[in-house]
Amino acid sequence: MAPFSDRLFLALVLVGSGSALLMAQPSDVLDRGQIIYREHCMECHGETGKGDGPKAPFLSPRPGNLVSAATSAKTDTELLRTIAHGKPRTAMPAWQDRLAVEDQQAALHYIRFLVRFSRSSTPPPPAP
Ligand code: HEC
């Protein structure tokens, strides 16, 4: 079996389009993560994690951009803590009593996956 990143790359090359890609997950954990995310997280965090879900305009503070550098730079431990316990003074709920630990991890896995396929708003750095 090829390493995960190779398979992900293959999926990218083979499918090449956003929505089709989301239907062709390379692993069971991602499948699970996608189901959890779509069911529980998307209404605030948005389909692609950018914080533009249907509930977002009504929240203060707004759900942040989960595919941002700021979130990506946080460790799994940090983000899993936020997922489990929620974020004080925001609408981010605590999921520890509502989702199994594996499902919280799968959701995070899916968020990390979304990062790879999100378009950057800045142009790529110049070639060396
Ligand atoms: C009711 C709206 C809402 C729902 C539902 C929701 N979130 Fe959040 N989430 C927020 C808000 C608001 C924040 C705080 C602002 C921010 O950091 O994005 C947040 C923060 C986070 C953060 C912290 C980001 C960081 O950089 O520290 C993570 C991770 C996260 N949410 C994951 C999830 C996951 C996974 C789910 C589903 C299981 C979920 N959220 C469901 C509103 C929501």
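Everything numeric in this text was worked out from a predicted model, so none of it was measured.

Trainee: Which residues make up the overall build of the protein chain, and what values go with them?
Mentor: Along the backbone of the protein chain there are six helices and zero strands. Written out in order from the N terminus, the α and β elements of the protein chain read α-α-α-α-α-α. Of all 128 residues assigned to the protein chain, the portion counted as buried reaches 32%. Once local pairs closer than 6 in sequence are excluded, the contacts in the protein chain between residues at least 24 apart make up 46%. Carbon and sulfur atoms form 59% of the exposed surface of the protein chain, whose accessible area is close to 8400 Å².

Trainee: Help me get a handle on the packing of helix α5 (residues 76-85) against helix α6 (residues 101-116), residues and values and all.
Mentor: The contact between α5 and α6 brings their axes to 10 Å, and the two run at 125°. Considered as vectors, α5 and α6 are oriented oblique to each other. Of the two possible hands of crossing, α5 and α6 adopt the one that is right-handed. Here D76, L79, L80, I83 and A84 of α5 come into contact with α6, specifically with Q104, Q105, L108 and R112. For the contact of α5 with α6, the class distribution of residues is five nonpolar, two polar and two charged.

Trainee: An account of the packing of aromatic side chains is needed here, citing residue identities and associated values.
Mentor: One pass over the full model with this rule turns up three aromatic pairs. Here the aromatic rings of Y37 and Y110 are separated by 5.4 Å at their centres, their planes lie at 50°, and the arrangement is tilted. Here Y37 is found in helix α3 (residues 28-45), whereas its partner Y110 is found in helix α6, with 73 residues between them in sequence. Exposure class is identical for Y37 and Y110. Each is buried. Within the aromatic cluster, the residues linked to one another by ring pairs are Y37, Y110, F113 and F117.

Trainee: If you had to explain the pattern of salt bridges to someone new, which residues and values would you point to?
Mentor: Counted under the stated rule, the structure contains four salt bridges. Across the pair K55 and E43 runs a salt bridge whose closest N-O atoms are separated by 3.3 Å. Placement of the pair is K55 in the loop between α3 and α4 (69-72) and E43 in helix α3, with a sequence separation of 12 residues. Residue E43 is classed as partly exposed on the basis of its relative accessible area of 35%. Of the charged contacts in the structure, one is a salt bridge between R112 and D76, with a shortest N-O distance of 2.6 Å. Here the residue R112 occupies a position in helix α6, and D76 occupies one in helix α5, the gap between them amounting to 36 residues. The class for R112 is partly exposed, based on a relative accessible area of 25%.

Basis of the calculations
- Residues numbered from 1 in each chain as written.
- Predicted model: local features only at pLDDT ≥ 70, side-chain atom pairs only at ≥ 80, totals over all residues.
- Heavy atoms only, no water.
- Helix = DSSP H or I, 4+ residues; strand = E, 2+ residues; numbered from the N terminus.
- Buried < 20%, exposed > 50% of the residue type's maximum accessible area, 1.4 Å probe, protein only.
- Contact = heavy atoms within 4.5 Å.
- Areas by Shrake-Rupley, 256 points an atom, 1.4 Å probe, with all protein chains shown as cover.
- Axes fitted to C-alpha atoms, helices over the stretch in contact; angles between N-to-C directions.
- Parallel < 35°, antiparallel > 145°, perpendicular 65-115°, else oblique.
- Left-handed = near helix turned anticlockwise from the far one by under 90°.
- Nonpolar A, V, L, I, M, F, W, Y, C, P; charged D, E, K, R; others polar.
- Phe/Tyr/Trp six-rings, centres within 6.5 Å; stacked < 30°, edge-to-face > 60°.
- Salt bridge = Lys/Arg side-chain N within 4 Å of Asp/Glu carboxyl O.

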